[in-house]
Amino acid sequence: MNFGFFVFTALLISMICGAIYLFKQVLDNVQFSKNPKVQRAAEIAVKVAIGLFACMLVYVVFKTALILLAPLFEQMNTAFDAAVSNLFDLLDKFIPYAVLGGIAVYWYKNKHPHPAPVDDDSVEVEAAEAEADELHDDLGGLVFEAVVDASENIPLKRPRDPAGIETGRDKPYRMDGIMAIHQFNVDTSGPLSMSDREFIMDDLQRHINQRGKAYPQLCRDGYAPIIRNVKDNGNFVMVEVVLYSERYKGKIKARRKARIAHKQKMANTNDKDF
């Protein structure tokens, strides 16, 4: 028997087995795309390639067995030539389709690029900002009414209209995650102490709770808007207000606990001084 035949057959079988092993490694370890549909299509293509090479392996082994069993060398040579010819004919048919398929996939990916993954957090923040824009004017009207009511008892100047308490900034609120903190400026009638600011917060909250029933769009789960902070800026204070939400109620409660602890600390200090 021709030694070259055995060498070529062994090399051919080794190459086919190597190709099958390589495709299996690619299938198990390569992520073609983050898009599930594209990933699934790529996996199917690799599995089809594995199947084709497996068929080639069976075909070569079968033809080789026929050649080895052929009684005559001429029959063996003819069968081997026919096997090799059929194999290359099969490859000639397969390779153009594989090339065309690769070109088609490359063209499709360039014409239809995958959109960037959407960040869920950024979507929630954008939704919260849109809600803040929509409700700020209503909230400003409620805060204005509360300031007018409270100005009789606390050192705040009575504003002429809701526009008089706006900050004048492009965005009249700031974001803490998905929580919009609305800000309003109110003129004061004199210097404020820490206890003055605490009293302002309590009185404003009381009037907002009273007036809040007229603004059902601002009340959430039975809670009127919440005075988060009153910042002293010299001749005016910045009043920060948030709408209640179950999504960030932890931040609201934490702020309230910190304020209560601070008031208690102040009371204890005053008692010791006395």
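Residues numbered from 1 in each chain as written. Predicted model: local features only at pLDDT ≥ 70, side-chain atom pairs only at ≥ 80, totals over all residues. Heavy atoms only, no water.

Trainee: Account for the overall build of the protein, naming residues and giving values.
Mentor: Counting secondary structure elements, the protein contains six helices and four strands. The order of helices and strands in the protein, counted from the N terminus, is α-α-α-α-β-β-α-β-β-α. Split into buried and exposed, the 274 residues of the protein put 33% on the buried side. When contacts within the protein are restricted to residue pairs at least 6 apart in sequence, long-range pairs at least 24 apart make up 67% of them. Within the structure as shown, the protein displays about 17500 Å² of accessible surface, and the carbon and sulfur contribution to it stands at 59%. (Helix = DSSP H or I, 4+ residues; strand = E, 2+ residues; numbered from the N terminus. Buried < 20%, exposed > 50% of the residue type's maximum accessible area, 1.4 Å probe, protein only. Contact = heavy atoms within 4.5 Å. Areas by Shrake-Rupley, 256 points an atom, 1.4 Å probe, with all protein chains shown as cover.)

Trainee: Account for the nonpolar core, with residues named and values stated.
Mentor: With 37 residues, the main nonpolar core has Val 143, Leu 204, Ile 227 and Val 239 as its most contacted residues. With ten residues, helix H4 (residues 120–150) is the largest single contributor of residues to this core. Val 239 has contacts with His 182, Gln 183, Phe 184, Val 186, Leu 204, Ile 227, Asn 229 and Val 230, leaving out every residue within four places of it along the chain. The next biggest cluster of nonpolar side chains, apart from the first, holds ten residues, and it includes Leu 12, Ile 20, Val 46 and Leu 57. (Core = buried A, V, L, I, M, F, W, Y, C linked by side-chain atoms within 4.5 Å.)

Trainee: Just give me the short version of the sheet that holds strand E2 (residues 179–187), but keep the residues and values in it.
Mentor: Taken together, four strands build an open sheet; the order of strands is E1-E2-E4-E3 and the sheet is antiparallel. If you trace the sheet from one side to the other, it starts and ends with strand E1 (173–176) and strand E3 (226–232), each paired once. The sheet shows a mean angle of 25° between the axes of neighbouring strands, direction not considered. Here helix H5 (residues 194–211) sits on the sheet in contact with E3 and strand E4 (236–242), set at roughly 150° to E3. (Pairing = 2+ DSSP bridges. Axes fitted to C-alpha atoms, helices over the stretch in contact; angles between N-to-C directions.)

Trainee: Which residues make up the pattern of salt bridges, and what values do they have?
Mentor: Evaluation of the coordinates by the stated rule reveals twelve salt bridges. Linking Arg 206 and Asp 203 is a salt bridge whose minimum nitrogen-to-oxygen distance equals 2.7 Å. Separated by three residues within a single helix, Arg 206 and Asp 203 lie in helix H5, roughly one turn from each other. With a relative accessible area of 39%, Arg 206 lands in the partly exposed category. Judged by its relative accessible area of 6%, Asp 203 falls in the buried class. Where Glu 240 meets Arg 228, a salt bridge forms, and the shortest distance between an N and an O atom there is 3.6 Å. On the criterion of sequence distance, the pair formed by Glu 240 in strand E4 and Arg 228 in strand E3 is long-range, its members being twelve residues apart. Beyond isolated ion pairs, a larger network of salt bridges with shared partners links Arg 174, Arg 228, Lys 231 and Glu 240. (Salt bridge = Lys/Arg side-chain N within 4 Å of Asp/Glu carboxyl O.)

Trainee: Outline the side chain of Thr 188, listing residues and values.
Mentor: Within the element layout of this structure, Thr 188 appears in the loop between E2 and H5. Once residues lying within four places of it in the same chain are set aside, the contact partners of Thr 188 are Pro 155, Leu 156, Lys 157, Gly 234, Asn 235, Phe 236 and Val 237.

Trainee: Tell me about the pairing of E3, and please be specific about residues and values.
Mentor: Most of E3 is tucked away, with five of its seven residues classed as buried. Relative to E4, E3 runs antiparallel, the two sharing six bridges. When the bridges of E4 are listed, Ile 227 appears paired with Val 241. The antiparallel pairing of E3 with E4 creates a hairpin that spans three residues between the two strands, and Gly 234 there sits at a positive phi of about 95°.

Trainee: So what about the side chain of Glu 198? Which residues, and what values?
Mentor: Here Glu 198 shows up in helix H5. Among residues more than four places away in sequence, those in contact with Glu 198 are Arg 259, His 262 and Lys 263.

Trainee: Can you tell me about the confidence of the model for the protein, naming the residues and giving the values?
Mentor: Mean pLDDT over the protein: 81, with 80% of residues reaching 70 or higher. Residue range residues 116–120 is modelled with pLDDT below 50. Its contacts to residues more than four positions away, or to other chains, number one contact. (pLDDT = per-residue confidence, 0-100.)

Trainee: Run through the packing of aromatic side chains, naming residues and quoting values.
Mentor: All told, the structure shown has one aromatic pair when counted by the stated rule. For the pair Tyr 223 and Tyr 244, a centre-to-centre distance of 4.1 Å together with 25° between the ring planes defines the contact as stacked. On the criterion of sequence distance, the pair formed by Tyr 223 in the loop between H5 and E3 and Tyr 244 in the loop between E4 and helix H6 (249–273) is long-range, its members being 21 residues apart. According to the relative accessible area criterion, Tyr 244 is buried, its value standing at 5%. (Phe/Tyr/Trp six-rings, centres within 6.5 Å; stacked < 30°, edge-to-face > 60°.)

Trainee: Describe H5, with residues and values.
Mentor: Compared with the 26 Å implied by 1.5 Å per residue over 18 residues, the 26 Å span of H5 between its first and last C-alpha is a close match. Listed in full, the buried residues belonging to H5 are Glu 198, Ile 200, Met 201, Asp 203, Leu 204, Gln 205, His 207 and Ile 208. (Expected span 1.5 Å × (residues − 1).)

Trainee: Break down the layout of surface pockets for me, citing the residues and quoting the values.
Mentor: One number sums up the size of the second largest pocket: a volume of about 300 Å³. If you list the elements that add at least two residues to the lining of the second largest pocket, you get H5, E3 and H6. In terms of residue count, H6 provides more of the lining of the second largest pocket than any other element does, five residues in total. Residues belonging to the lining of the second largest pocket are distributed by class as follows: eight nonpolar, two polar and six charged. (1 Å grid on protein atoms, 1.4 Å probe; cavity = no way out; pocket = protein on both sides within 12 Å on 5 of 7 lines; lining within 4 Å. Points joined across faces, edges and corners; volume = space filled by probe spheres on them. Nonpolar A, V, L, I, M, F, W, Y, C, P; charged D, E, K, R; others polar.)

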